[in-house]
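One-letter residues, chain by chain:
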Amino acid sequence: MDKLKKCLLLCTFFLEFASGFYLPGSFPHKYYVGDQLSVKVNSLTSIDTELPYGYYSLPFCKPLEGVKDSAENLGELLMGDRIENSPYRFKMHVNESELFLCQTNALSVDESKVLKERIDDMYQVNLNLDNLPAIRYMNKDGFFLRWTGYPVGIKVKDVYYVFNHLKFTVLVHKYEKTNTMPGVIGAGDGVELITTDDKSVIDTPAYMVVGFEVVPCSFQHNIDLLKNLKRYEKYTAPIKCEPGTVAGAIQEGKPLVYSYEVNFVESDIKWPSRWDAYLKMEGAKVHWFSILNSMMVITFLAGIVLIIFLRTIRRDLARYEELDKEAQAQINEELSGWKLVVGDVFRIPENSELLSMMVADGCRILGMAVVTILFAALGFMSPASRGTLITGMLLFYMFLGIIAGYVAVWLMKTLNAGNTNGWLSISWRVSCFGPGIAFLILTVLNFLLWGSHSTGAIPFTTYIVLLLLWFCISMPLTLIGGFIGSKAPHLEYPCRSNQIPREIPSNRFPTWVLVIGAGTLPFGTLFIELFFIMSSIWLGRVYYVFGFLLVVLILLVVVCAEVSLVLTYMHLCMEDWRWWWKSFFASGSVAIYIFFYSVNYLVFDLKSLSGPVSAMLYLGYSLLMALAVMLATGAIGFLTSFFFVHRLFSSVKID
């Protein structure tokens, strides 16, 4: 009986522990009535450029205790996501109105000019409470729109107005503890199971924040009423401020006055559903259409691949069966195709080391994408935990250096017919290839950010952290992977290469045109999802449909493999044995269309781009994304074609 009690005690404890398990960044915080709520402020961002500036670079009210940075992870630092304390203070479930915040000094010429520039660029103020961004609802042309943050101000008939009065609405849900926490008293055989029954704790109401809304408006305060007024005291006159009216004009030599009000509303929204307002699925049919479109492309290409393999099998069987003269004549005629390049098809390609490095880094990027999207789809990298997605991508990329080293050395060993000389050199170079390109592009862009005084610039200390991750984690793992690859058995060629290369017949049109054009099929698989990703990055929208993205990624891998296989077979049939690089770019050329799409997005969707610096930043990040996609998709195409060619010439006996 005592053992049974102990088992019940342990089972109850683990069930209670399981019921309290939450994913990282998603643990609820309960507040009692009157508890202090801290409102954080993010950097100013433009809805068109997402180029951040410091919130306190404008004449806003500062906290009495001074500006302090909140703890930030590596992903937030890389994205320029600066979180600082704000002067706004709330008390849980205490409604307050007409609160005076502060009065600034008289605006100088420069302050007035900068403030007007931020209004022209449509910069947004980003506030968050309990890890929830402030959300703003509005009706425009019959459409119900949701925006995170609120604009700095507005321009009406060549007059600039600042939004200096904020109406906050905090949605709260009453904390309900359905289970009582078991406790243990006694020792040895006297263990007993008890429950907590503290009336003072149970009767004290507690609440969780499930919504944070803001309505900005412009109000002309009476400065004479502010002489003896202290911060957070009630304004002596009623503030009647509506979003559709403006009054607080920006004038040089005159101060700005800020005020706010807060209203707490109990809501039926439960804590696990509090992000639904931000993640409300729109365009689900579009996502399904994208998947259906990809399935049609895959089916079409699969039919072509099936025909290729059926023809290959038929040719192979015809060599060993007794056929009539007509069939023999057909065999002789077919021998003018891919079988004639048997002595050159495995000839080592030009710049083989560069090809090995690109394929190896592409495998690492592909592995990083699969693991990151899988974790995000499972909820471990939700938008509620800022910066975890970028941090996870970076760490996965670093740790997957072992795969890059293995693939690079194994591929070079195979190309050199088992020669392992120089494996350390190729491992060293592949550890510097991908990270070096990314580091170079980020450094150039960072100088532009520093020059524009943007908070999106990567701090120097973060640069040191990135270098330590590169040289202390990624590089050693890549070298370890290269050592393992040097010991792994290589793939032996089924036929030898001739000493003299075979002359390639001339074609009516350059074969590279066909290779570049093949990238349209993979691009057709992902361009719809690409629009949502671009909107998430540059328009401040939250991307969360990682399940769809995982399916699209799988379909993209299949399409890239099929496209490269078909193009490689076509080149071999044209007696073109230089298939190595073409198989890589047959699927990797999708990066060209992604970059062109980015330019199109810049011209038509980011019409109000503020200045050439923002355009250069946008194009720089787009180039980095296109290069990463090229390496990943190119690696898929090359490895598929490589194993296909090896299998093709291994299964057919060549006289």
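Where an unreviewed UniProt entry is consulted, the chain appears under the name Transmembrane 9 superfamily member, with the organism given as Solanum bulbocastanum.

Q: Even after reading the chapter, I still don't get the packing of helix α14 (residues 546-573) against helix α15 (residues 580-588), so can you show me in this structure?
A: Angle between the axes and distance between the axes are the two parameters that describe a pair of packed helices. In the contact formed by α14 and α15, the axes pass within 8 Å of each other and the chain directions differ by 140°. Overall, the two elements α14 and α15 adopt an arrangement that is oblique. Handedness of the α14/α15 crossing: right-handed. Facing α14, whose interface residues are Cys560, Val563, Ser564, Leu567, Thr568 and His571, α15 presents Lys582, Ser583, Ala586 and Ser587. Within the contact of α14 with α15, the residues separate by chemical class into 4 nonpolar, 5 polar and 1 charged.

Q: Even after reading the chapter, I still don't get the nonpolar core, so can you show me in this structure?
A: Side chains of nonpolar character tend, in soluble globular proteins, to be buried together. Among the nonpolar cores identified, the biggest contains 47 residues, and Val345, Val359, Leu572, Trp579, Phe638, Val645 and Phe649 are the most heavily contacted of them. Those elements giving two or more residues to this core turn out to be α7 (352-377), α9 (401-415), α10 (423-451), α14, α15 and α17 (611-651). Ranked by residues supplied to this core, first place goes to α17 with 11 residues. Apart from the residues lying within four places of it in its own chain, the contact partners of Val645 are Val345, Phe346, Thr568, Leu572 and Trp579. If you look at the next biggest cluster of nonpolar residues, it comprises 45 residues, including Tyr56, Met92, Val209 and Ile250.

Q: How should I be thinking about empty space enclosed by the protein in this particular structure?
A: Here the idea is plain: a probe the size of a water molecule rolls over the atoms and shows the empty space left. This structure, assessed with the given rule, holds 2 cavities of 30 Å³ or more. Quantified by volume, the second largest cavity comes out at close to 40 Å³. Val515, Ser564, Leu567, Thr568, His571, Trp579, Lys582, Ser583 and Ala586 are the residues that line the second largest cavity. Counting only elements with at least two residues in the lining of the second largest cavity, the list comes to α14 and α15. If you tally residues by element for the lining of the second largest cavity, the top one is α14, at 4 residues. Considered class by class, the residues forming the lining of the second largest cavity number 4 nonpolar, 4 polar and 1 charged.

Q: Help me out: how do you make sense of the confidence of the model for the chain in this one?
A: Regions with low pLDDT carry predicted coordinates that are not meant to be interpreted in detail. Put simply, the chain has an average pLDDT of 79, and 78% of its residues get 70 or more. Counting interchain partners and residues more than four positions distant, the pLDDT-below-50 stretch residues 8-25 has 24 contacts. Predicted confidence for residues 179-201 stays below pLDDT 50, and this span has 34 contacts to residues more than four positions away or in other chains.

Q: Can you help me understand the packing of α9 against α10 in this one?
A: The geometry of α9 relative to α10 is characterised by a closest axis approach of 9 Å and an angle of 135° between their N-to-C directions. Considering their axes alone, α9 and α10 lie oblique with respect to each other. Here α9 and α10 pass one another in a crossing that is right-handed. Contacts from Ala404, Gly405, Ala408, Val409 and Met412 of α9 reach α10 at Trp423, Ile426, Ser427 and Val430.

Q: Sorry if this is basic, but what is going on with helix α3 (residues 109-120) here?
A: The α-helix advances 3.6 residues per turn, and as a result positions three or four apart in sequence lie on the same side. Over its 12 residues, α3 extends 17 Å from the first C-alpha to the last, a length consistent with the 16 Å expected when each residue adds 1.5 Å. For α3, the set of buried residues is Ser112, Leu115, Arg118 and Ile119. Down the axis of α3, the sector holding all buried residues measures 125°, keeping them to one side. Summarising the geometry of α3, the exposed residues directed more than 90 degrees from the buried face are Val109, Asp110 and Lys113. Its buried side turned inward, α3 meets β6 (123-125), β12 (153-156) and β13 (159-162). Following α3 by one or two positions, Met122 has its phi on the positive side, about 55°.

Q: I'm lost on the sheet that holds strand β4 (residues 83-91) in this one. Help?
A: Strand pairing within a sheet occurs via backbone hydrogen bonds; the two strands may be parallel or antiparallel. Across the sheet, 4 strands lie side by side as β4-β2-β7-β8; this open sheet has antiparallel pairing. Strands at the two margins of the open sheet, each flanked by one partner only, are β4 and β8 (132-133). Looking at chain direction, strand β2 (residues 36-42) and β4 are connected through 6 bridges and run antiparallel. Bridge assignment links Leu37 to a residue of β4, and that residue is Phe90.

Q: It is not clear to me how the packing of aromatic side chains should be interpreted in this structure. Could you clarify?
A: When we look at a pair of aromatic rings, we describe it by the centre distance and by the angle of the planes. For the structure on display, the rule yields 34 aromatic pairs. Here Phe439 and Tyr463 contribute two aromatic rings whose centre-to-centre distance is 5.3 Å and whose plane-to-plane angle is 90°, an arrangement assigned as edge-to-face. Of this pair, Phe439 sits in helix α10 while Tyr463 sits in helix α11 (residues 460-487), and the two are 24 residues apart along the sequence. On the basis of relative accessible area, Phe439 is assigned to the partly exposed category, the value being 21%. Exposure remark for Tyr463: the relative accessible area of 10% places this residue in the buried category. One cation-aromatic arrangement involves Arg118 over Tyr123; the distance from NZ or CZ to the ring centre is 5.6 Å. Stacked on the ring of Trp577, the Lys or Arg Arg347 has its end atom at 5.7 Å from the ring centre.

Q: What's the story with the pairing of strand β17 (residues 206-217) in this structure? I'm lost.
A: Looking down a regular strand, the side chains alternate between one sheet face and the other. Among the 12 residues in β17, 10 count as buried, and that is most of the element. Of the pairings in the sheet, the one linking strand β1 (residues 30-32) to β17 comprises 3 bridges and is antiparallel in character. Counterpart to Tyr31 in the pairing with β17 is Tyr207. Two elements, strand β14 (residues 165-174) and β17, share 10 bridges in a ladder whose sense is antiparallel. Residue Lys167 lies in a different strand from β17, and its bridge partner there is Val215.

Q: Explanation requested: the pattern of salt bridges in the structure shown.
A: One side chain can pair with another of opposite charge once the charged atoms of both are near each other. Applying the stated criterion to the full structure yields 8 salt bridges. A salt bridge links Arg89 to Glu65, with the nearest nitrogen and oxygen atoms 2.9 Å apart. Placement of the pair is Arg89 in strand β4 and Glu65 in the loop between β3 (45-46) and α2 (74-78), with a sequence separation of 24 residues. Asp158 serves as the salt-bridge partner of Lys155, at 4.0 Å between the closest nitrogen and oxygen. Taking the relative accessible area as the measure of exposure, Asp158 reaches 65% and is therefore exposed. Connected through salt bridges with shared partners, the residues Asp576, Arg578 and Lys582 form a single ionic network.

Rules of the game
Residues numbered from 1 in each chain as written. Predicted model: local features only at pLDDT ≥ 70, side-chain atom pairs only at ≥ 80, totals over all residues. Heavy atoms only, no water. Axes fitted to C-alpha atoms, helices over the stretch in contact; angles between N-to-C directions. Helix = DSSP H or I, 4+ residues; strand = E, 2+ residues; numbered from the N terminus. Parallel < 35°, antiparallel > 145°, perpendicular 65-115°, else oblique. Left-handed = near helix turned anticlockwise from the far one by under 90°. Contact = heavy atoms within 4.5 Å. Nonpolar A, V, L, I, M, F, W, Y, C, P; charged D, E, K, R; others polar. Core = buried A, V, L, I, M, F, W, Y, C linked by side-chain atoms within 4.5 Å. Buried < 20%, exposed > 50% of the residue type's maximum accessible area, 1.4 Å probe, protein only. 1 Å grid on protein atoms, 1.4 Å probe; cavity = no way out; pocket = protein on both sides within 12 Å on 5 of 7 lines; lining within 4 Å. Points joined across faces, edges and corners; volume = space filled by probe spheres on them. pLDDT = per-residue confidence, 0-100. Expected span 1.5 Å × (residues − 1). Arc of directions from axis to C-beta. Pairing = 2+ DSSP bridges. Phe/Tyr/Trp six-rings, centres within 6.5 Å; stacked < 30°, edge-to-face > 60°. Lys NZ or Arg CZ within 6 Å of the ring centre and 35° of its normal. Salt bridge = Lys/Arg side-chain N within 4 Å of Asp/Glu carboxyl O.

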